[in-house]
Amino acid sequence: MKKSKIAMAVSLILVLSSFFLIFTKGLNFGIDFAGGTIIQVKYETKAPIDEMRKKLEGNPIFKGASINEFGSPDEVVIRLKNSSESVIKDIGDVTRDQLAGTGDFEIRRVDIVGAKVGSELREKGIMALTLAIVGILIYVAVRFEWRFAVASVLALAHDLTIAIGAISLAGLDVNLDVIAALLTVLGYSINDTIIVFDRIREEISDSSAKTVNDIIDESVTRTMSRTVLTSLTVLIVLVTLFVFGGEIIHTFAYTLLVGVTVGTYSSIFVASPLLEVLGFNLKTYRAKLSEKAARAAEKERLRAQFEQGVV
């Protein structure tokens, strides 16, 4: 807790920087959300990108198309802003005919998403994230106390904002796999936070510490080894996926790498100190726990009397 102010300042800088990137640089929505067509082409040798551009320029269907390498020099992706819905002939066949004479190649993938479908997917993705956060808020509020719930949701918002800012900084496409990664980050981060909060609740009941700071320090210290070991194990897997998993899951692995790292940091340095910022009162909470325990004991006594036939 002595370092909490420094940690909160670092978090504030990262969050503000992320908002700045999101509102200035923006997000590159992929075809899942913006609509369009993606055609993946693999050559036997290095792809002649300049020659491909010249060939495609002769067909109005490919106006404004972008051609980029896809993981290796012999594989490229052609991106069209339109969804080619008005093309009578299969867009894969059109591409094959248009690129004839550029070398030996095969069309490996064609993805087409209409603008209306992309808009619906974007709305449903945002709704999924919102519902997940609301559900977590309700769960933590019922299980602990409203201050714990607000602290956990603020920590989750912190994690999501930085992860989305990192995506904007890297210029990666935002597709359904990014939404899946962000939902995974939500689950991972809240799990870490709940473990720390559970330990805080236990320390409040069992420890004789008189300040919230002492309780938080003791709780975080007791869970530190578990948090670090778990996060390192997950990060080893994610680094492996990021490096060797290929271009298809590159964005997914990148989002998880950033999210898990920030989520681990926030469960230690953000969520717990926020309890003090929100005015968590140790005496009041202990009084509530004592009252709850007394009610449970009274209920158990009455149940025992009833079983024994005593009124």
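Residues numbered from 1 in each chain as written. Predicted model: local features only at pLDDT ≥ 70, side-chain atom pairs only at ≥ 80, totals over all residues. Heavy atoms only, no water.

Once that is clear, we can look at the overall build of the protein. Regarding its fold elements, the protein presents eleven helices and six strands. Its C-alpha atoms give the protein a radius of gyration of 27 Å, more than 25% over the compact-globule value 19 Å for 311 residues. In terms of principal-axis extent, the alpha carbons of the protein reach across some 90 × 50 × 30 Å. The buried share of the protein, reckoned over its 311 residues, is 41%. Here the protein displays about 17100 Å² of accessible surface, and carbon together with sulfur accounts for 62% of that area. When the 34 basic and 35 acidic side-chain charges of the protein are each reduced to a single mean position, those positions are 7 Å apart. (Helix = DSSP H or I, 4+ residues; strand = E, 2+ residues; numbered from the N terminus. Rg over C-alpha atoms; globule rule 2.2 N^0.38 Å. Buried < 20%, exposed > 50% of the residue type's maximum accessible area, 1.4 Å probe, protein only. Areas by Shrake-Rupley, 256 points an atom, 1.4 Å probe, with all protein chains shown as cover. Lys, Arg positive; Asp, Glu negative; His and termini not counted. Charge placed at Lys NZ, Arg CZ, Asp CG, Glu CD.)

To continue, consider the sheet that holds strand 4 (residues 75–80). Pairing is antiparallel in the open sheet, where four strands are placed in the order 3-4-2-5. Of all strands in the sheet, those bounded by a partner on one side alone are strand 3 (66–69) and strand 5 (105–113). Recorded for the sheet is a direction-independent mean angle of 20 degrees between the axes of neighbouring strands. Bridge analysis of strand 2 (residues 36–43) against strand 5 gives eight bridges, and the strand direction is antiparallel. Pairing of K42 across the sheet is with E106, part of strand 5. Sheet strands touched by helix 3 (residues 49–57): strand 2, strand 3 and strand 4. Its angle to strand 3, the strand with the most contacts, is close to 160 degrees. (Pairing = 2+ DSSP bridges. Axes fitted to C-alpha atoms, helices over the stretch in contact; angles between N-to-C directions. Contact = heavy atoms within 4.5 Å.)

What follows deals with the side chain of R147. Among the structural elements, R147 can be located in helix 6 (residues 146–170). For R147, a relative accessible area of 19% gives the class buried.

To continue, consider a nonpolar patch on the surface. A contiguous nonpolar surface patch, about 250 Å² in accessible area, is contributed by I6, V10 and L14. Looking at where I6 falls in the secondary structure, it is placed in helix 1 (residues 4–24). (Patch = residues over 30% accessible without salt bridge, like charges linked within 9 Å, V, L, I, M, F, W, Y side chains within 5 Å. Salt bridge = Lys/Arg side-chain N within 4 Å of Asp/Glu carboxyl O.)

What follows deals with the pairing of strand 3. It is a general feature of regular strands that their side chains alternate between the two faces of the sheet. The pairing of strand 3 with strand 4 spans four bridges and is classified as antiparallel. For E69, the partnering residue across the bridge sits in strand 4 and is V76.

A few words on the pattern of salt bridges. Pairs can form between side chains of opposite charge once their charged atoms are near each other. Counted by the stated rule, this structure contains eight salt bridges. Of the charged contacts, one joins R79 and D173 as a salt bridge, the two residues approaching to 3.3 Å between their closest N and O atoms. In this pair, R79 is assigned in strand 4 and D173 in strand 6 (residues 173–174), connecting sequence segments 94 residues apart. The class for D173 is partly exposed, based on a relative accessible area of 24%. As a salt-bridge pair, D93 and R96 come within 2.8 Å of each other at their nearest N and O atoms. One end of the pair, D93, and the other, R96, are both in helix 4 (residues 91–98), three residues apart, so they sit about a helical turn from each other.

Right, let's get into helix 6. Over its 25 residues, helix 6 runs 36 Å from end to end, which matches the ideal 36 Å to within 8%, given 1.5 Å per residue. Within two residues after helix 6, G171 carries a phi angle of roughly 70 degrees, on the positive side. (Expected span 1.5 Å × (residues − 1).)

Here we come to the packing of aromatic side chains. Counted by the stated rule, this structure contains five aromatic pairs. Centre to centre, the rings of F19 and F23 are 6.1 Å apart; their planes meet at 15 degrees, and the pair counts as stacked. Highlighted residues: F19 and F23, both in helix 1, separated by four residues, approximately one helical turn. Relative accessible area serves as the criterion here: at 36%, F19 is assigned to the partly exposed category. On the basis of relative accessibility, which here comes to 68%, the residue F23 falls in the exposed class. Plain terms: the ring middles of F148 and F197 are 4.9 Å apart, the flat faces sit at 85 degrees to each other, and that makes the pair edge-to-face. (Phe/Tyr/Trp six-rings, centres within 6.5 Å; stacked < 30°, edge-to-face > 60°.)

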